Amino acid sequence: MKIFCIGRNYLAHAKELGNATPTAPVVFMKPATALLKDNNFFLPSFSNNIHYETEIVLKIGKNGKAIEPQFAHRYISEVTVGIDFTARDLQDDCKAKGLPWEIAKSFDNSAVVGEFMAADNFSDLQNLNFHLLINSEQKQTGNTANVIFKFDYMISYISQFFTLQQGDLIFTGTPQGVGAVHIGDHLEGFLENKKLFDLQVK
Ligand code: MG
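Residues numbered from 1 in each chain as written. Predicted model: local features only at pLDDT ≥ 70, side-chain atom pairs only at ≥ 80, totals over all residues. Heavy atoms only, no water.

A few words now on the nonpolar core. The biggest cluster of nonpolar side chains holds 45 residues, and the ones touching the most others in it are Phe85, Ile155, Ile170 and Leu187. For isoleucine 155, the contacting residues outside a window of four places in its chain are Leu58, Ile60, Ile67, Ala72, Ile76, Leu164 and Ile170. Counting residues in each nonpolar core, the second largest holds twelve residues, with Ala34, Leu35, Cys94 and Ala111 among its members. (Core = buried A, V, L, I, M, F, W, Y, C linked by side-chain atoms within 4.5 Å. Buried < 20%, exposed > 50% of the residue type's maximum accessible area, 1.4 Å probe, protein only. Contact = heavy atoms within 4.5 Å.)

Scanning the entire structure with this criterion turns up ten salt bridges. A salt bridge links lysine 105 to glutamate 53; the nearest nitrogen and oxygen atoms lie 3.1 Å apart. Taken together, the residues span a long stretch of sequence, with lysine 105 in helix H3 (residues 102-105) and glutamate 53 in the loop between strand E4 (50-52) and strand E5 (54-60) at a distance of 52 residues. Residues lysine 105 and glutamate 53 agree in their burial class; the two are buried. A salt bridge links glutamate 78 to lysine 59, with the nearest nitrogen and oxygen atoms 3.8 Å apart. Highlighted residues: glutamate 78 in strand E6 (residues 76-84) and lysine 59 in strand E5, separated in sequence by 19 residues. When salt bridges with common partners are traced through the structure, they connect Lys30, Glu53, Asp84, Arg88 and Lys105 into a single cluster. (Salt bridge = Lys/Arg side-chain N within 4 Å of Asp/Glu carboxyl O. Helix = DSSP H or I, 4+ residues; strand = E, 2+ residues; numbered from the N terminus.)

Our next topic: the coordination of the magnesium ion. Protein ligation of the magnesium ion involves Glu53 (OE), Glu55 (OE) and Asp84 (OD), the donor distances falling in the range 2.0 to 2.1 Å. As a motif over one chain, the donors of the magnesium ion read E-x1-E-x28-D. No difference in accessibility class separates glutamate 53 from glutamate 55, as the two residues are buried. (Donors = N, O, S within 2.8 Å, 3.2 Å for Na, K, Ca; no water.)

Now for the packing of aromatic side chains. Tallying each qualifying case throughout the model produces nine aromatic pairs. Pairing tyrosine 10 with phenylalanine 130 gives two aromatic rings, centres 6.5 Å apart and planes at 65 degrees, and the pair type is edge-to-face. One end of the pair, tyrosine 10, is in the loop between strand E1 (3-7) and helix H1 (11-16); the other, phenylalanine 130, is in strand E10 (residues 129-134), and 120 residues separate them in sequence. The same class applies to tyrosine 10 as to phenylalanine 130, namely buried. Consider the rings of tyrosine 157 and phenylalanine 161, whose centres lie 5.2 Å apart with planes at 65 degrees: the pair is edge-to-face. Taken together, the residues tyrosine 157 and phenylalanine 161, both in helix H4 (residues 151-161) and four residues apart, mark about one turn of the helix. One residue, lysine 59, lies across the ring of phenylalanine 116, its end atom 4.3 Å from the ring centre. The positively charged end of lysine 62 is found above the aromatic ring belonging to tyrosine 75, 4.8 Å away from the centroid. (Phe/Tyr/Trp six-rings, centres within 6.5 Å; stacked < 30°, edge-to-face > 60°. Lys NZ or Arg CZ within 6 Å of the ring centre and 35° of its normal.)

Pasting the structure below:
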C-alpha cells in the first residue's frame, strides 16, 4: 500500500506558507508505517511545531497505470477526511536547504485517515465540504471545489510515474488555516457534517 500526498493544492494555503502557485501537482509519499492505527497521536520528540493539515483522502479501488483523466473517477472507490501531520520546523529547514521533506512529512503516525465512505455516496467529489474541530472549535474548513488540480487530473498525473494499486491512498491537499497541535488537544474531522475521525493528542 502506498500513500501519495499532494502539496500546495489550495491556492490560499500555498500563499499562507509563502509558496508560489504550482504549475504541476506537487507529489510526495508516506510509507505504510505513517498510518496512525488508533485514536491517539503522540507528539514526536524531534519537532517543536507539529501542524495539522486537514485533507480529503481518496482510496484507490483497482490497479492502473497511465490512467486517462476521463477514466480516473472509476479508480476512486472510497473517500474520507484525514490529517497530513507535518513537522513544520523540520520542513522549513529542509525547504531552506533544498532538501527532501520525508523526515518532516512521512514519519510514523503522520497519516490520519477517518472512517472511509463509498465514493458512490457522493454525487460530486469535487464539491465536498470538510472541516476540523480542535477542542470543539472550528479550526479549518474546506471545499474540494477549490483545489488547483482536480482529482481526475491528480490520478492521471500520479499514474504516469507510479502504478496505482488497490488500497493506495491519496491525500489531496489542505486548505488554508493550518496550525500547531498541542498535548491535550482533541481533534475531530468531518466530511459533510459526518464525523469520521476523533483523536487525542498526547
Ligand atoms: Mg498536506
